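# Working through the structure, step by step
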Amino acid sequence: MKTILTGIRANSVLTLGNYLGALLPIVRLSNKYSREGDNINIFVPDLHSIISEVEGDLAENTIRTLKYYLAAGLIINENVHIYRQSRVPAHAELCWILNCTATMGEMSRMTQYKEKSEGKASCNVGIFDYPALMAADILLYSANYVPLGEDQFQHIELTRNLAERFNHKYGEIFVIPEDTKAQVEFMGVSKPIRVRDLVNPEKKMSKSNLAENSKIMLDDTPEKAAKKIMSATTDSLGAVDFDFETRPGISNLLYIEALVNDTPLETVVEKWRGESKYGELKKQVAASVSGLLSDFQARLERISDAEVLDLLEKGEKYANEVANKKLHEAQKALHLR
Ligand code: TYM
């Protein structure tokens, strides 16, 4: 039996990048594996949210984010557990223990910290410590697989290193999550997922990019999303082909088309290779994305707060039991108990 676990912060409305890189993969994996008896843990890392500004009300955003999973098609059964990080105090406690396992050097090398602190006169300690809390989120539940987008893979490697170091010193307490290669294979892709910015396709699509047309938000109307796709940056090479190095814009559109329809990328590339009218490809991708959004938004409307709160009540009871057990094992190993 394996444990599959993931979380998405609820700082704002999510982007299509979050949806295709993290939300949809966990939903597909959960629907496949929870039936076979594997554990699926989906949580909102709300303690991670407060490292930066939250747009709107965090508690309300949390409920909305959980509704996203349901609207994306998540099937609930007794093996699917939904919870809020802040309601399981063991996360913060294990984070402290892992702080005493991690080194300043390895934490300083984390790309996300470097990007978020670069050029700033001051930066809160939470931004620096973020990956240790994330490691605690994963290790408390003995997770084997952690479906994530590309930007987060470095944190899985750190989690593995911390767990190995702790185990080496104090005994076999933590299950080591699978390595990057196995994680990617498990997600059924050839490389970690990275949806690009529509205006500047060298960069990843990100909610923090202020340019409206650079990103598709999950609350964009289908028409608005279609317009953004139609105005996406491409190139002047004149025939469709796939290569993120030389033609990132057109490649990103092919990539989105494949992810939205759950079709192998090679199949989509084969279909479009050589097409000289980029507009035709854009129209197809615009139709796929707007179709996805209209189905998603219609389902979202029908999910009530009560439904989510009921899942949280059950999920948080379960999460506290599992997490406290693992925390106690670690505390015993350290002679804190
Ligand atoms: P967050 O909220 O920053 O990111 C949420 C997820 O969305 C993915 N993502 C993308 N994937 C593909 N293309 C993009 N353009 C894109 N933009 C974002 C991210 O890779 C991520 O999977 N640190 C986590 C939250 C977390 C967590 C955990 C996850 C905290 N503890 C434990 C798993 C396990 C994060 O990045 O959230």
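An account of the accompanying structure is given in this report.

Parameters and conventions
- Residues numbered from 1 in each chain as written.
- Predicted model: local features only at pLDDT ≥ 70, side-chain atom pairs only at ≥ 80, totals over all residues.
- Heavy atoms only, no water.
- Axes fitted to C-alpha atoms, helices over the stretch in contact; angles between N-to-C directions.
- Helix = DSSP H or I, 4+ residues; strand = E, 2+ residues; numbered from the N terminus.
- Parallel < 35°, antiparallel > 145°, perpendicular 65-115°, else oblique.
- Left-handed = near helix turned anticlockwise from the far one by under 90°.
- Contact = heavy atoms within 4.5 Å.
- Near = heavy atom within 4 Å.
- Polar contact = N/O pair within 3.5 Å; in protein donor to acceptor, adjacent residues only side chain to side chain.
- Areas by Shrake-Rupley, 256 points an atom, 1.4 Å probe, with all protein chains shown as cover.
- Nonpolar A, V, L, I, M, F, W, Y, C, P; charged D, E, K, R; others polar.
- Core = buried A, V, L, I, M, F, W, Y, C linked by side-chain atoms within 4.5 Å.
- Buried < 20%, exposed > 50% of the residue type's maximum accessible area, 1.4 Å probe, protein only.

The description of two packed helices rests on the angle between their axes and on the distance between the axes. Contact geometry of helix α4 (residues 90–99) with helix α7 (residues 125–139) gives a least axis separation of 8 Å together with a crossing angle of 120°. Our classification of the angle between α4 and α7 gives oblique. Once α4 is placed against α7, the crossing between them reads as right-handed. Every residue of α7 that contacts α4 at His91, Ala92, Leu94, Cys95, Leu98 and Asn99 is listed here: Asp129, Ala132, Leu133, Ala135, Ala136, Asp137 and Leu139.

Looking now at the site of the ligand. Around the ligand, a shell composed of 27 residues is seen, among which Tyr130, Asp137, Asp151, Gln152 and Val195 lie nearest. With respect to the ligand, the side chain of Asn18 contributes an N or O atom lying 3.0 Å from an oxygen atom. In the complex, 97% of the free accessible area of the ligand, which totals 710 Å², lies under the protein chains. Taken together, the residues of the shell around the ligand sort by class into 13 nonpolar, 8 polar and 6 charged.

Residues Tyr19, Leu20, Tyr69, Ile256 and Val289 are the most contacted members of the largest nonpolar core, which totals 67 residues. In terms of residue count, the dominant contributor to this core is helix α1 (residues 16–33) (10 residues). Beyond its immediate sequence surroundings of up to four residues, Tyr69 is in contact with Gly7, Ile8, Leu23, Ile26, Val27, Ile42 and Leu74. With 42 residues, the next largest nonpolar core counts Met134, Ile138, Leu148 and Ala333 among its residues.

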